[in-house]
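Secondary and tertiary structure notes
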Amino acid sequence: NSSFASASGLKFLSNFTGLDSSNPGLVHPYGIRLNDDNFMYVTTQDTQALLLYDSGGSPDSKTPANSIYPGSVAVYGPFNENGNGVRDVAIDDVNNLVFVAEEQLQMVLCYDASNNFTNIFNITYGGKDAEPIG
């Protein structure tokens, strides 16, 4: 589709993934990170979720069984009608950790990606102390 070409001459290759009946959680994608195993983490503002996709763009089937959306690692809300809490994601591939910035909670949450995405630590703001998950 040439309508996706930019002034710099970049060529549009394909749609990696998109919102459809098999991927209902991908509403207002915001932050994107690729890990060393070519899995893509995507934060979404309107569904307040952290989603994981395989290298083919399909929601990952290894995410927790109680996931609300296919491929969701975590869902945080919605906290209000604006639905803009989940901001960004960072990956520490060496220690197999995933960090999520969440605006409404005013926290950075840390997940152990090797242990079914267990939330292991919250880093809080606003003068509050860090809050271990136990």
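Residues numbered from 1 in each chain as written. Predicted model: local features only at pLDDT ≥ 70, side-chain atom pairs only at ≥ 80, totals over all residues. Heavy atoms only, no water.

Another point: the overall build of the chain. When its secondary structure is counted, the chain shows zero helices and nine strands. Counted from the first residue to the last, the chain has its helices and strands arranged as β-β-β-β-β-β-β-β-β. Residue burial in the chain is summarised as follows: out of 134 residues, 36% are buried. For the chain, long-range pairs separated by at least 24 residues make up 34% of all intrachain contacts whose partners lie at least 6 apart in sequence. Surface summary for the chain: the accessible area is close to 7800 Å², and the carbon and sulfur share equals 51%. (Helix = DSSP H or I, 4+ residues; strand = E, 2+ residues; numbered from the N terminus. Buried < 20%, exposed > 50% of the residue type's maximum accessible area, 1.4 Å probe, protein only. Contact = heavy atoms within 4.5 Å. Areas by Shrake-Rupley, 256 points an atom, 1.4 Å probe, with all protein chains shown as cover.)

Burial within strand β2 (residues 40-44) is extensive, with five of its five residues counted as buried. What you see with β2 is no split at all: Met40, Val42 and Thr44 on one side and Tyr41 and Thr43 on the other are buried throughout. Taken together, the four bridges between strand β1 (residues 29-34) and β2 define a ladder with antiparallel strand orientation. Counterpart to Arg33 in the pairing with β2 is Tyr41. The antiparallel pairing of β1 with β2 creates a hairpin that spans five residues between the two strands, and Asn38 there sits at a positive phi of about 65°. Pairing of β2 with strand β3 (residues 49-53), which is carried by five bridges, proceeds in the antiparallel orientation. Its bridge partner lying in β3, Thr44 is registered against Ala49. (Pairing = 2+ DSSP bridges.)

Core analysis: the largest hydrophobic core is formed by 16 residues, its most contacted members being Tyr41, Leu50, Tyr76, Val98, Val100 and Tyr111. Elements represented by at least two residues in this core include exactly β3, β4 (72-75), β5 (86-92), β6 (97-102) and β7 (107-112). With three residues, the single largest contributor to this core is β7. Met40, Val42, Leu51 and Tyr53 belong to the second largest nonpolar core, which has seven residues in total. (Core = buried A, V, L, I, M, F, W, Y, C linked by side-chain atoms within 4.5 Å.)

The next point concerns the confidence of the model for the chain. Residues at a pLDDT of 70 or more form 75% of the chain, whose mean pLDDT is 78. Here residues 129-134 is modelled with pLDDT under 50, and outside its nearest four sequence neighbours on either side it reaches 14 contacts, counting other chains as well. (pLDDT = per-residue confidence, 0-100.)

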